[in-house]
Amino acid sequence: MGSRNSETKDPFTILEEALQGGITHFQLREKGSGALTGYALRNFALRCQQVCQNYSVPFIVNDDVELACSIDADGVHVGQDDETAFQVRQLIGEEKLLGVSVHSVEEARLAIQAGADYVGMGPVFGTTSKADAKKPAGVEEIKAVKREYPQLPIVGIGGIIPENADQVWRAGVSGVAVISAIANAKDVVEQVKAFQLSCKVGIGR
Ligand code: 3NM
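Cut-off values and rules
Residues numbered from 1 in each chain as written. Predicted model: local features only at pLDDT ≥ 70, side-chain atom pairs only at ≥ 80, totals over all residues. UniProt positions renumbered as here; feature names shortened; annotations may be inferred. Helix = DSSP H or I, 4+ residues; strand = E, 2+ residues; numbered from the N terminus. Contact = placed C-beta atoms within 7 Å. Near = placed C-beta within 6 Å. Nonpolar A, V, L, I, M, F, W, Y, C, P; charged D, E, K, R; others polar. Buried ≥ 20, exposed ≤ 12 C-beta atoms within 10 Å, placed from the backbone. Pairing = 2+ DSSP bridges. Right-handed = clockwise from strand over helix to strand, strands pointing away. Core = buried A, V, L, I, M, F, W, Y, C linked by C-beta atoms within 7 Å. Axes fitted to C-alpha atoms, helices over the stretch in contact; angles between N-to-C directions.

**Things to note about the UniProt feature "binding site: Mg(2+)" (unreviewed entry) in the protein chain**
- Following the UniProt record, one finds the feature "binding site: Mg(2+)" (unreviewed entry) at Asp63 and Asp82. Sequence-wise these annotated residues cover 20 residues; spatially they are packed, their C-alpha atoms never more than 6.7 Å apart.
- Locating Asp63 in the fold gives a position in the loop between strand S2 (59-62) and helix H3 (65-70).
- For Asp63, the residues in contact, after removing those within four places along its chain, are Val78 and Asp82.
- Secondary-structure assignment places Asp82 in the loop between strand S3 (75-78) and helix H4 (85-92).

Structure representation (structure tokens):
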């Protein structure tokens, strides 16, 4: 989530409520028109980081390796078009989490070689939160990566809501990443709990 993913609510309130609801990771993704830059971005990131620390939840930065290192974030997430995962692993060292967006078994293989701790796969469903999103991929490729690399944590992303999350869990993901369904929820705490329940339903726990 970034500073502009909700038109009605302050981002720190959303983050605080999402943490109260029980999110397990937070990724700062500041993109699109009106995105913060420079000191404003750094200050926004530091405030999000502090809120996450209050709940002992890892704080991950999307794309911006320099920002992540300068504020000592817990991890970095990069796509296929960003600095290569291998370069990022060299820059951030072994301690920080490295997440890589992949779309195939081959990209997953390369991400593992580069030292990824997890991979993001999407968009599973249609999304309006990412301007350059590919077309919805469903869950077949997630299943293929899971079959090939059963130990690799996969996070599904893109258009996921509690009502469709069960099929993503069943495909074998370790987590789902969500922007709009949480940022625009009437009751953020309840929405996060609905996602937790979808996991139990989805994998029959
Ligand atoms: N990455 P929402 S889809 C940030 O396919 C992002 O890699 C995607 O937002 C990918 O939950 C996406 O609102 C947007 O659909 C996710």
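There is more to say after this.
**Re the site of the ligand**
- Close contacts around the ligand come from 17 residues, with Gly122, Thr127, Ser129, Ile179 and Ser180 the closest.
- For the shell around the ligand, a count of residues per class yields 7 nonpolar, 8 polar and 2 charged.

**Quick notes on the pairing of strand S5 (residues 118-121)**
- Judged by which residues are buried, S5 turns out to be covered on both faces: Tyr118 and Gly120 on one side and Val119 and Met121 on the other are all buried.
- Across 4 bridges, strand S4 (residues 97-102) lies against S5 in parallel orientation. Opposite Gly99, over in S5, you have Tyr118 as the bridge partner.
- For the handedness criterion, the β-α-β arrangement of S4, helix H5 (residues 105-114) and S5 is classed as right-handed.
- Pairing analysis gives 3 bridges linking S5 to strand S6 (residues 154-157), with the strands arranged parallel. Bridge assignment links Met121 to a residue of S6, and that residue is Gly156.
- Read from S5 through helix H6 (residues 140-148) to S6, the crossover connection turns out right-handed.

**Notes on the UniProt feature "binding site: 4-amino-2-methyl-5-(diphosphooxymethyl)pyrimidine" (unreviewed entry) in the protein chain**
- Following the UniProt record, the feature "binding site: 4-amino-2-methyl-5-(diphosphooxymethyl)pyrimidine" (unreviewed entry) maps to Gln27, Leu28, Arg29, Glu30, Lys31, Asn62, Ser101 and Lys130 here.
- Following the sequence through the fold, Arg29 ends up in the loop between strand S1 (26-28) and helix H2 (38-54).
- Classification of Arg29 by C-beta neighbours within 10 Å gives buried; the count is 21.
- Not counting residues within four places of it along the chain, the set of residues in contact with Arg29 comprises Met1, Gly2 and Asn62.
- Relative to the helices and strands, Asn62 is located in strand S2.
- For Asn62, a count of 22 C-beta atoms within 10 Å translates into the label buried.
- Every residue in contact with Asn62, bar those within four places of it in the chain, is listed here: Gln27, Leu28, Arg29 and His77.

**Let's talk about the nonpolar core**
- By size, the foremost hydrophobic cluster in this structure holds 51 residues, and its most contacted members are Val119, Val176 and Ile182.
- Beyond its immediate chain neighbours, meaning those up to four positions away, Val176 contacts Val155, Gly156, Ile160, Ala165, Val168 and Phe195.

**Topic: the sheet that holds S6**
- Spatial strand order, S1-S2-S3-S4-S5-S6-S7: 7 strands in an open sheet with parallel pairing. Among the strands making up the open sheet, the edge pair consists of S1 and strand S7 (175-177). Taking each pair of neighbouring strands and ignoring which way they run, the sheet shows an average axis angle of 30°.
- In the packing of H5 onto the sheet, the strands contacted are S4 and S5, and the crossing angle to S4 comes to about 165°.
- Most of the contacts of H6 go to S6, to which it runs at about 175°, and overall it touches S5 and S6.

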